[in-house]
Amino acid sequence: MLERLFLLLATLFILHAAFSTYDHLSHLKSIGKPEGALPYDIILEAVIGLAMGILGASLNAAPLKEVTWSSEMKTRSIDEMDARLGFANYINRGRKFLS
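Residues numbered from 1 in each chain as written. Predicted model: local features only at pLDDT ≥ 70, side-chain atom pairs only at ≥ 80, totals over all residues. Heavy atoms only, no water.

J.: Outline the overall build of the protein chain, listing residues and values.
T.: For the protein chain, the helix and strand inventory stands at five helices and zero strands. For the protein chain, the α and β elements follow one another from N to C terminus as α-α-α-α-α. Among the 99 residues that make up the protein chain, the fraction classed as buried is 14%. Element-wise, carbon and sulfur atoms account for 66% of the exposed surface of the protein chain, whose accessible area totals about 8800 Å². (Helix = DSSP H or I, 4+ residues; strand = E, 2+ residues; numbered from the N terminus. Buried < 20%, exposed > 50% of the residue type's maximum accessible area, 1.4 Å probe, protein only. Areas by Shrake-Rupley, 256 points an atom, 1.4 Å probe, with all protein chains shown as cover.)

So this is what it looks like as structure tokens:
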């Protein structure tokens, strides 16, 4: 529940920062200053939204799976792992089968 709240707040922060940026740039254009730095509150709002989005996505992610050999062997048998199908020679079998 908390992770979804973080994601929702992050989305709102980012959208508000985007609207504030558009508003600020249109204000600069209307007074004849086409270039100017963004105010720090807009930058801070975007950075906070990014941090909250990363935190919410991290908390919302599924738990990590083990990737060790021992955890893989818990789900498989030795016959599946040591079948060595790469060494099978099908040419000899085909000659005996077709003759």
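J.: Explain the UniProt feature "signal peptide" (unreviewed entry) in the protein chain residue by residue, including any values.
T.: Following the UniProt record, one finds the feature "signal peptide" (unreviewed entry) at residues 1–20. Summarising residues 1–20: 95% helix, 0% strand, and an end-to-end C-alpha distance of 29 Å. (UniProt positions renumbered as here; feature names shortened; annotations may be inferred.)

J.: Run through the UniProt feature "transmembrane region" (unreviewed entry) in the protein chain, naming residues and quoting values.
T.: In the UniProt entry, the feature "transmembrane region" (unreviewed entry) is given for residues 44–64. Overall, residues 44–64 shows 81% helix and 0% strand. The separation of its end C-alpha atoms is 32 Å.

J.: A description of helix α2 (residues 40–60) should follow, citing residues and the corresponding values.
T.: When the terminal C-alpha atoms of α2 are compared, their 30 Å separation across 21 residues agrees well with the 30 Å that a helix rising 1.5 Å per residue should span. Those residues of α2 that sit buried are Ile42, Glu45, Gly49, Met52, Gly53 and Gly56. For α2, the buried positions fall inside an angular range of 105 degrees around the axis, keeping them on one side. Within α2, the exposed residues directed more than 90 degrees away from the buried face are Tyr40, Leu44, Leu50, Ile54 and Ser58. (Expected span 1.5 Å × (residues − 1). Arc of directions from axis to C-beta.)

J.: Outline the environment of alanine 57, listing residues and values.
T.: Locating alanine 57 in the fold gives a position in helix α2. Each C-alpha atom, one on alanine 57 and one on glutamate 3, is 7.0 Å from the other, the two residues being 54 residues apart in sequence.

J.: Please give an account of the packing of helix α1 (residues 2–30) against α2 that cites residues and values.
T.: Look at α1 against α2: their axes get within 8 Å of each other, and the N-to-C directions meet at 155 degrees. As far as their axial angle goes, α2 and α1 are roughly antiparallel. Handedness of the α1/α2 crossing: left-handed. Counted by class, the contact of α1 with α2 contains 15 nonpolar, eight polar and two charged residues. (Axes fitted to C-alpha atoms, helices over the stretch in contact; angles between N-to-C directions. Parallel < 35°, antiparallel > 145°, perpendicular 65-115°, else oblique. Left-handed = near helix turned anticlockwise from the far one by under 90°. Nonpolar A, V, L, I, M, F, W, Y, C, P; charged D, E, K, R; others polar.)

J.: Give me the lowdown on α1, citing residues and values where you can.
T.: With 29 residues, α1 should reach 42 Å at 1.5 Å per residue; the first-to-last C-alpha distance of 42 Å fits that figure. Residues of α1 that are buried: Phe6, Ala10, Ala17, Ser20, Thr21, His24 and Leu28. Looking at the buried residues of α1, the elements they touch are α2. Among the residues trailing α1, glycine 32 stands out with phi positive, at a value near 90 degrees. (Contact = heavy atoms within 4.5 Å.)

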